[in-house]
Amino acid sequence: MTTLLPDLRAFARFLTRDATAADDLVQDTVVRALAGLSSFQPGTNLKAWLFTIQRNGFYEQIRRHKRETRMLGAQTAASEMQAPEAHRRSDLNDLQRMLWTLPPLLREALVLVGAQELSHDEAAAICGVPVGTMKARVSRARSQLARTMGPQPEQD
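This text gives an overview of the structure that appears in the document. Because the structure is predicted, anything quoted here is derived from the model rather than measured.

1. Description of the nonpolar core
Judged by nonpolar contacts, the single largest core of 37 residues is most densely connected at Phe51, Leu102, Leu110, Leu112 and Met134. Going through the elements one at a time, helix H1 (5-16), helix H2 (19-35), helix H3 (46-72), helix H5 (90-99), helix H6 (104-115), helix H7 (120-127) and helix H8 (131-149) are the ones with two or more residues in this core. Broken down by element, the residue count for this core peaks at 7 residues, all from H3.

2. Some remarks on the environment of isoleucine 62
Inspection of the secondary structure assignment puts isoleucine 62 in helix H3. Separated by 46 residues in the primary sequence, isoleucine 62 and threonine 16 place their C-alpha atoms 9.7 Å from one another.

3. Concerning the side chain of glutamate 108
Position of glutamate 108 relative to the elements: it lies in helix H6. A relative accessible area of 4% places glutamate 108 in the buried class. A polar side-chain atom of glutamate 108 sits 3.4 Å from a polar atom in the side chain of tyrosine 59. Every residue in contact with glutamate 108, bar those within four places of it in the chain, is listed here: Arg55, Tyr59 and Cys127.

4. Here we look at the packing of H7 against H8
It is the contact of H7 with H8, at a shortest axis distance of 8 Å, that shows an interaxial angle of 105°. In terms of axis orientation, H7 runs roughly perpendicular to H8. Only Val131, Met134, Lys135 and Val138 of H8 make contact with H7, whose side of the interface consists of His120, Asp121, Ala123, Ala124 and Cys127. Of the residues contributing to the contact of H7 with H8, the split by class is 6 nonpolar, 1 polar and 2 charged.

5. Looking at the packing of H1 against H2
Closest axis-to-axis distance for the H1/H2 pair is 8 Å, and the angle between their directions is 130°. Taken as axis vectors, H1 and H2 run oblique relative to one another. The two elements H1 and H2 cross, and the hand of that crossing is right-handed. Facing H1, whose interface residues are Leu5, Leu8, Arg9, Ala12, Arg13, Leu15 and Thr16, H2 presents Ala19, Ala21, Ala22, Asp23, Leu25, Val26, Thr29 and Val30. Residue composition of the contact of H1 with H2, grouped by class: 10 nonpolar, 2 polar and 3 charged.

6. Regarding the pattern of salt bridges
Counted according to the given criterion, the structure contains 6 salt bridges. Two residues, aspartate 7 and lysine 47, come together in a salt bridge whose shortest N-O distance is 3.4 Å. Placement of aspartate 7 in helix H1 and of lysine 47 in helix H3 is noted, with a sequence separation of 40 residues between them. Residue glutamate 108 is joined to arginine 55 by a salt bridge in which the shortest nitrogen-to-oxygen separation is 2.5 Å. One end of the pair, glutamate 108, is in helix H6; the other, arginine 55, is in helix H3, and 53 residues separate them in sequence. Residue arginine 55 is classed as buried on the basis of its relative accessible area, which comes to 12%.

Thresholds, definitions, all that
Residues numbered from 1 in each chain as written. Predicted model: local features only at pLDDT ≥ 70, side-chain atom pairs only at ≥ 80, totals over all residues. Heavy atoms only, no water. Core = buried A, V, L, I, M, F, W, Y, C linked by side-chain atoms within 4.5 Å. Buried < 20%, exposed > 50% of the residue type's maximum accessible area, 1.4 Å probe, protein only. Helix = DSSP H or I, 4+ residues; strand = E, 2+ residues; numbered from the N terminus. Polar contact = N/O pair within 3.5 Å; in protein donor to acceptor, adjacent residues only side chain to side chain. Contact = heavy atoms within 4.5 Å. Axes fitted to C-alpha atoms, helices over the stretch in contact; angles between N-to-C directions. Parallel < 35°, antiparallel > 145°, perpendicular 65-115°, else oblique. Nonpolar A, V, L, I, M, F, W, Y, C, P; charged D, E, K, R; others polar. Left-handed = near helix turned anticlockwise from the far one by under 90°. Salt bridge = Lys/Arg side-chain N within 4 Å of Asp/Glu carboxyl O.

Purely spatial values, then, with no claim about function.
Here you go:
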C-alpha cells in the first residue's frame, strides 16, 4: 500500500486542487482502507480498490461540506476548493487550467486513464460505469482538450 501513496496523492491533488486537502484525503483513504482491509479481495487490483475508496471519500466530503455550508450560510464548497495562484507553475498551470475546463466526469476519466495509467476497465470499476462509458468519456475529454489547445505548430 505504501508504494501507491504517490499515486493516491496525485489523484487526490486532481480531485481537491489543494495540497493540504489532498494530504488529508490520502490519510483518510489509508485509514478507511486499513479499516476495511478484510473486504479487499486478494488477487484484485489494489490501486483500483484504493482509488475507489479515495473517490468515494472525496465525494462524501463534498456532500458533507455542502450540507454544512448550507446550514451555516458560508461560502460554497467550490470556492473554497480553489488552489492559491502563488503555488502554480507555468506549464503545469496551463495543463491544470485546461483540465479544469473539462466537465468533472470527463476530467476524472482522463486523470484515471491518462495520468494514473489505469486501464479503461479499472477506471470504469472505480467510477461504477460500463467500460464503454469510460472509453467515451476519455475520448470526449481528449477531444475537448485538443480543441482548447487549438492548432499546434507542425514539427519537422
